[in-house]
Each structure stands twice: as C-alpha cells, then as structure tokens.
Amino acid sequence: MDATGVVLLAIVAIIALWAIAVYNRLVRQRNEIGNAFAQIDVQLKRRYDLIPNLVEIARKYLQHERETLEAVIAARNTARAAAGEVRAQPLDAARVGALTAAEGVLGGALSRLMAVVEAYPQLKADQSLRDLSEELAHTENRVGFARQAFNDAVLDFNNAAEQFPANVVARLFRFRSAAMLEATESAAERAAPRVSF
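Residues numbered from 1 in each chain as written. Predicted model: local features only at pLDDT ≥ 70, side-chain atom pairs only at ≥ 80, totals over all residues. Heavy atoms only, no water.

Asks: What is the right way to look at the environment of Leu91 in this model?
Replies: When you line up the elements, Leu91 lands in the loop between helix 2 (66-88) and helix 3 (93-118). Residue classification places Leu91 among the partly exposed residues on the basis of a relative accessible area of 25%. Measuring from C-alpha to C-alpha, the distance between Leu91 and Ile33 comes to 7.6 Å, with 58 residues separating the pair along the chain. Contact partners of Leu91, with chain neighbours within four places excluded, come to Arg30, Ile33, Ser177, Ala178 and Ala179. (Helix = DSSP H or I, 4+ residues; strand = E, 2+ residues; numbered from the N terminus. Buried < 20%, exposed > 50% of the residue type's maximum accessible area, 1.4 Å probe, protein only. Contact = heavy atoms within 4.5 Å.)

Laid out in structure tokens, this is it:
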C-alpha cells in the first residue's frame, strides 16, 4: 500500500471514529431526556396520588360543589394518561404537547377547587387538607425543577443534533429534535395553583 492509500485509510478511520463518537453522544443525550422525563413522572405520579385524597377531604364539606370535584378528578385522570403517553415516547412532540395541555387543565381545575375551599372556613381549617395542600405545593415545586432539568436535556440534545457537522450523523440515523415542556399560553394558566391556607 502506498502513502496515498495509507492517508486515505487514516482519513476514513478518523471520520468513522468521529461518526461513532457523535452517534454515541446523541444516544446518551436522548437517554438523558428519557431519564429527565422519568424524574418528572415520579413527581407527577406523587401529585396525581395526592389529588384524590385532597378531593375526598373536600367532598365531606363541599356537598354542593360536586361539579368542581369531578372536574378535578377528570383533569387528573386526563393528565395522568397523557403522562403515560409521554413516558412511552419522551421525544414525541405531540405527546409532550398533549401533556402540557392536560397539565394546564389540571392546574386550572385545582385553582378552582382552591377558590371554592376559600369560601368554606371549616374546610379551610381542616388540618388534613392543610397538610395535603402543603405536600401538593412542595410537589409542584419539585415538578417545576424536574421540568427545568428535562428542558435542559432537550436543549443539549437538540443543539448536538442540529449543529454542523454532527447534524449529518443525526440525519443519517434519524435523530429528530425533541420537544420541550413549554409553559402554557395564557397568564392565568401560567399561575401555579394556589394551595396555601
């Protein structure tokens, strides 16, 4: 083999090693997105588990507010199902968008429930409700931090997959941009559910 053949072989080997490194980095970052969503999922499950307890305590006092309680449970079930869909494919933009919308509806339903609770002094004074509300508020904070970590992982992945020359490898192996969990669209939806007493 002559010098030109050796140089060409070396160039091909370097390109192949670079492509393997880029591919492995993209796989690692895609897996980090899955892990980041798993952290969100843990907190969402905790939140979804707290909501029925909150509703049960409120149900004792809110005989005339059945629609509000049912709306909270329906929104919780929809959000829980949407979270399950994202869990299966955390890179799917449509599923992430559906989760964002479902969480917005759930937040609105919880806000309405808390507004109703304010009108019932006995319920507002219930220690179990206050404890659950505090736990829910802490969980909301954890969800916020987990969402931030998810969006950071998505940003890192998208940057790696879209920058030249790594985007060549990303296209070749069909790495698609991931969707971030976005804030809701209106100011009312952006407000966290108020659960303090």
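What follows picks up the thread again.
Asks: What's the story with unusual backbone geometry in this structure? I'm lost.
Replies: Leaving glycine out, the prevailing phi sign among residues is negative, and the prevailing peptide bond configuration is trans. Across the junction of Phe164 and Pro165, the peptide omega takes the value 5°, indicating a cis bond. For Pro165, the position within the fold is in the loop between helix 5 (127-162) and helix 6 (166-172). A positive phi is found at Arg174, a non-glycine position, where the angle reads about 60°. Summarising the element assignment, Arg174 is placed in the loop between helix 6 and helix 7 (187-190).

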